[in-house]
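Topology and contacts: notes
Now for the letters of each chain:
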Amino acid sequence: MPVPTKVEVPPGTTPTSQPSQKSMTKAERRELQERQRAAKLAQKSAQAGPTTGKESAPSKTPKAPSTPSQKKFADASGSGVAKSSSAKEPIPGSSTAVDDGAAVSRGLRIFSHFGLPKPVAHAIKGDIHPAIIRLGLLFSEFHICGSNARCIATLTAFKTVIQDYTTPSHSTLSRHLMTHLSPQITHLVAARPMSVTMGNAIRQLKLEISGSDIDMIEQDAKDALCQKIDNYIRERIIIADEVIQELAGKKINDGDVILTYARSSIVEKILLNAHEEGKRFSVIVVDSNPLLEGKALLRTLTNAVPPVPCTYALLPALPSVMTEVTTVLLGAHSLSSNGAVYSRAGTALVAMIAKGHSVPVMVCCETYKFSEGVLLDGFGKNELAPAGVSKPTKHSQSLPAAPNLEVLNPLYDLTPPSSITAVVTEVGLIPPSSISSIPLALGRTNL
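Notes on the structure in this doc start here. Each chain carries its own residue numbering, running from 1 in the direction its sequence is written. With the structure being a predicted model, the display of local features is reserved for residues of pLDDT at least 70 and the display and counting of side-chain atom pairs for 80 or more, all residues being used for whole-chain, interface and lining totals. Note that water and hydrogens are dropped before the side-chain values are worked out from all heavy atoms of the structure.

Observations concerning unusual backbone geometry
Note the cis peptide between Asn 289 and Pro 290, where omega equals 5°. In this structure, Pro 306 follows Val 305 across a cis peptide bond, with omega equal to -10°. Helix numbers and strand numbers start at the N terminus; a helix is a DSSP run of H or I with at least 4 residues, a strand a run of E with at least 2. In this fold, Pro 306 is placed in the loop between helix 12 (294–302) and strand 3 (310–314). Even without glycine at this site, Phe 142 takes up a positive phi of about 60°. As for its position among the elements, Phe 142 is in the loop between helix 6 (130–140) and helix 7 (147–163). Since its relative accessible area comes to 9%, Phe 142 is described here as buried. Its identity as a non-glycine residue notwithstanding, His 170 has a phi of 60°, on the positive side. Tracing the sequence through the fold places His 170 in the loop between helix 7 and helix 8 (173–191). Exposure categories follow from relative accessible area, calculated using a 1.4 Å probe and restricted to protein chains: below 20% of the type maximum is buried, above 50% is exposed, and the middle band is partly exposed.

Some points on the environment of Gly 346
With respect to the secondary-structure elements, Gly 346 resides in the loop between strand 6 (341–344) and helix 14 (347–356). In this structure Gly 346 comes out as buried when scored by relative accessible area, which is 11%. Residues Gly 346 and Asp 413, 67 residues apart in the sequence, show an inter-C-alpha distance of 6.8 Å.

Thoughts on the packing of helix 7 against helix 9 (residues 196–210)
Working convention: axes come from line fits to C-alpha atoms, limited for helices to the stretch in contact. Angles between N-to-C directions cover 0 to 180 degrees. Look at helix 7 against helix 9: their axes get within 9 Å of each other, and the N-to-C directions meet at 30°. Accordingly, the angle class assigned to the pair helix 7 and helix 9 is roughly parallel. The two elements helix 7 and helix 9 meet at a crossing, and its hand is right-handed. Residues Ser 147, Arg 150, Cys 151, Thr 154, Leu 155, Phe 158 and Ile 162 of helix 7 touch helix 9, and the partners they reach there are Thr 197, Met 198, Ala 201, Ile 202 and Leu 205. Looking at the contact of helix 7 with helix 9 residue by residue, the classes come out as 8 nonpolar, 3 polar and 1 charged. Geometric relationships in this document are graded by angle, where less than 35 degrees denotes roughly parallel, more than 145 denotes roughly antiparallel, 65 to 115 denotes roughly perpendicular, and other angles denote oblique. Should the near helix be turned anticlockwise from the far one by less than a right angle, the crossing is termed left-handed; should it be turned clockwise, right-handed. Contact between two residues is taken to exist if any of their heavy atoms lie within 4.5 Å; hydrogens are not considered. Three categories are distinguished: nonpolar for Ala, Val, Leu, Ile, Met, Phe, Trp, Tyr, Cys and Pro, charged for Asp, Glu, Lys and Arg, and polar for the others, with Gly belonging to the last.

Some remarks on the sheet that holds strand 10 (residues 428–430)
At least two bridges found by DSSP between two strands is the condition for calling them paired. One open sheet holds the 7 strands; their spatial order is 3-2-1-4-7-9-10, and the pairing between them is mixed. Sheet topology places strand 3 and strand 10 at the edges, where each strand pairs with a single neighbour. Within the sheet, the average angular offset between the axes of one strand and its neighbour, ignoring direction, is 25°. Sheet topology note: the strand 4 (residues 327–330)/strand 7 (residues 361–364) ladder contains 3 bridges and is parallel.

As for the environment of Ala 190
Here Ala 190 is to be found in helix 8. Looking at Ala 190, the relative accessible area reads 32%, which means it is partly exposed. In sequence terms Ala 190 and Gly 136 are 54 residues apart; their C-alpha atoms lie 8.2 Å from each other.

Take a look at the structure:
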């Protein structure tokens, strides 16, 4: 057993009766800590003076929850925590900048997946050819509209890129050219979402590049690729349009009243070709914001010799003019495999009203616009027109600026196949229910 020893106290000090903390219980140690903490606070309050003693005094009562007005005051003083809490719990009846921004974001959240053109002048990434930069600006500013025009412009720019391309050492054209074209395509997609026609053409171009002979001289290989691009434009667009003009022109007779919506390049060619053949008919051009493309079609038809009798109307006047129409001719941006037509916003309304009046609806579409996908509505995939692309007329009134108002202009809608009488293609007039048989008619497994 350990022998107890007596601890000697130094002279001049008084022995304390406080036991060591090891021999204390947990409750005794907690009480000791509370006494020491209270003594320190009392010493600080005595040094600071009586005026600040109340502020330094400890408070064991729970802190009351802050009210919205206290959060707003804290936000004004620059507290980041109070700012975030006030944004989550807005004050009823207040019109702060945070509330306005939240309202705008709530409105745009529904259409956040829609393609919106971006400014590309200062967003150039990678080795981008000047022809692609210029084309991207034309796309973003809507100077080039229409699926055919965009596809031809894209392929023409790619011809320039291919001719200026040089294969690096220890590489082949068929492999490295694909890598060189990828940032060019990305730049165009950043300027404006890719159309179905551009996607089909680029897919065919990549297939041709991958099949290039690696033993061929570089310049000869580039010339061969440019020749295939020219063949694609001539066979799938130019010659296809000529065949569609002949097929659709047979459906136009003397005395007919043809209604068309917005502006389609192939519909414009059909009307001008029928007019040159001596057929006497009139045209009703229906148009709508924001692009008002029908004005360009109206100008072309009235400048013909002799002029084509035309009537120009906006979309709200469609029911009043549909009673005089004998045939509806529409263009298409793309055609889904289920027969639905993806075209300029307002096309679905025109087709449905025409069906209600028992007026035949013919959609003029080249086969290279066909898409293997299936669209069920115009909200799964679409594109928003930028605010600056709207073309106000002399008598139009713009909406007043409001913090909680956001103008959205979807460019496309989806017309169900039940509203379409026939689709005019270069392989003939086909009902919408037989669209899936088009690749077999062309001798291909896909388009």
